[in-house]
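Residue strings, one per chain:
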Amino acid sequence: MSSFENLRIVDNFYQTSLFFPMPTVIVSTLCEDGSTSLGPYSLVQPYYIAGKEFYAMLLNCRNSSNTAQHILTNGKCTLNFIPDDPKLFKEAVKLSWPGDTPEDKMPKCNFKMETSLLEEETGEKRPMVLTDAIQAIECTWVRELDHAEDCKPGCTTGYEGPYHDFNGITSKFGATFILKIDRIIMKKKYADAIINGVRAKDFPPLPIDYGYRDSKNFWFHKKTKMRAELLPIRKQSLESVRYAADRADDKVKFTDDALETILNVPRVFLPVVLKGCVTWAKENNVDLVTAEHMKIINDKRAKEKQKK
């Protein structure tokens, strides 16, 4: 006999039929008058993570929401990750009432905001960024995916079909947005930790909400001390790495000591690593990559990461 119970799957199943851990994000969007509106969301996750010409996030929301209507209008939004602070979480919940217009809720909003770095650099109008946020992702909606260019704002009582499969208006009351990542910004303390090596104490206090809500409460989990678990090290043989390296390029070759520096790279990522090394070698007129060259390549990657 099973040790599990069968739950009925209904609308908003992540809230009604599951305890589903999710981030707490404040999405900032641009109103018609150029001001910024805020809305709290949890149905946010990475979408394109590798192998595409850009990186992307996914956002699910009601198509009648201010957030959806603004993205349909101008395509710009910022995903702000707030810290685990009861005062800020209370502000997030205060912004969540369906049907409130920006004119209704923004004058009562206590979140501090500042001008986007992208706006300062390019002059293009962008949603403001939460000063209180630990990190933020500035995004642009990719309208052309799933031919969502025909999705227009203006309907707040339910859209009629036909509907899109994964981008734009996806149901009478639902919308999904594939958001190109224009920039990731982060407070210096945490950016330094990522660049220099993260320790348990360096993880930011980000709240997790559990999706489930009852008739009167949102529930969220307070950040506690992080616990580290060592990754399993599966060292590949020099012969197997050599096999892949010899096929990475017909001109650029690798010494044994160079390949020994990447023995711990998981097999699935090895072709990407080797391709990057080959690209560097060709740019620098190197036919035989040595361990010293690998150190230069790694230092270059570290500096590029720091710039981002």
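Bear in mind that the values here come from a model prediction, so they are computed numbers and not experimental data. The residue numbering used here restarts from 1 in each chain and proceeds along that chain's sequence as written. It should be noted that, the model being predicted, local features are given only for residues of pLDDT at least 70 and side-chain atom pairs only at 80 or more, the latter also being counted only at that level, while totals for whole chains, interfaces and linings use all residues. Only hydrogens and water are removed before side-chain values are computed, so all heavy atoms of the structure are retained for them.

### Considerations on unusual backbone geometry
Note on backbone geometry: most residues besides glycine have negative phi, and most peptide bonds are trans. The amide bond that connects Gly161 to the next residue, Pro162, takes the cis arrangement and shows omega of 5°. A positive phi angle is found at Asp146, which is not glycine, with a value near 60°. The secondary structure listing takes helices from DSSP runs of H or I that are at least 4 residues long and strands from runs of E that are at least 2 residues long, numbered from the N terminus. Tracing the sequence through the fold places Asp146 in the loop between strand E9 (135-141) and strand E10 (168-169).

### Quick notes on helix H2 (residues 66-74)
Taking burial as the measure, the 9 residues of H2 include 7 buried ones, the bulk of the element. In the stretch just after H2, Gly75 is the one whose phi turns positive, near 75°. Only protein chains enter the accessibility calculation, which uses a 1.4 Å probe; a residue is then buried when its area is under 20% of its type maximum, exposed when over 50%, and partly exposed in between.

### What to know about a negative patch on the surface
By definition, no residue in a patch forms a salt bridge, and every one has over 30% relative accessible area; like charges are joined within 9 Å, nonpolar side chains (Val, Leu, Ile, Met, Phe, Trp, Tyr) within 5 Å. Here the Shrake-Rupley method, with its probe set to 1.4 Å, supplies the accessible areas, and only the displayed protein chains count as covering residues. Any carboxyl oxygen of Asp or Glu within 4 Å of a side-chain nitrogen of Lys or Arg constitutes a salt bridge here. The convention is simple: Lys and Arg are positive, Asp and Glu are negative, and His and the chain ends are not counted. All charge positions are set by atom: Lys at NZ, Arg at CZ, Asp at CG, Glu at CD. Judged by side-chain charge, Glu32, Asp33, Glu103 and Asp104 come together as a negatively charged surface patch. Note that Glu32 resides in the loop between strand E2 (25-30) and strand E3 (36-41).

### Some details on a nonpolar patch on the surface
Residues Ile9, Phe13, Leu18 and Phe20 make up a contiguous nonpolar surface patch of roughly 420 Å² in combined accessible area. Within the secondary structure, Phe20 is located in the loop between helix H1 (13-16) and strand E1 (22-23). Judged by relative accessible area, Phe20 falls into the partly exposed class, the value being 40%.

### Focus: the pattern of salt bridges
A side chain of one charge can pair with a side chain of the opposite charge if their charged atoms are brought near each other. Considering all chains together, one arrives at 15 salt bridges under this definition. Glu91 is the salt-bridge partner of Lys94, the closest N and O atoms lying 3.0 Å from each other. One end of the pair, Lys94, and the other, Glu91, are both in helix H3 (residues 86-94), 3 residues apart, so they sit about a helical turn from each other. A relative accessible area of 40% places Lys94 in the partly exposed class. Of the charged contacts, one joins Lys180 and Asp182 as a salt bridge, the two residues approaching to 3.3 Å between their closest N and O atoms. Ionic contacts of the salt-bridge type, sharing partners, join the residues Lys76, Glu124, Arg126, Lys180 and Asp182 into one network.

### A few points about helix H9 (residues 270-283)
The span expected for a helix works out to 1.5 Å for each residue beyond the first. Taking 1.5 Å per residue as the helical rise, H9 with its 14 residues ought to reach 20 Å, and the 20 Å between its terminal C-alpha atoms agrees with that figure. Turning to H9, its buried residues number three or more, namely Leu270, Val273, Leu274, Cys277, Val278, Trp280 and Ala281. Considered in projection along H9, the buried side chains sweep an arc of 165° and stay on one side of the axis. Exposed residues on H9 whose side chains face more than 90 degrees from its buried face are Pro271, Val272, Lys275 and Glu283. Our arc is simply the arc of the directions from the helix axis toward the C-beta atoms.

### Some remarks on the pairing of strand E5 (residues 56-62)
Counting buried residues in E5 gives 5 out of 7 residues, a clear majority hidden from the surface. Pairing between strands is defined by DSSP: at least two bridges between the two strands are required. Both E5 and strand E11 (residues 174-186) contribute to a ladder of 7 bridges, which runs antiparallel. Considered in E11, the bridge of Arg62 is made with Gly174.

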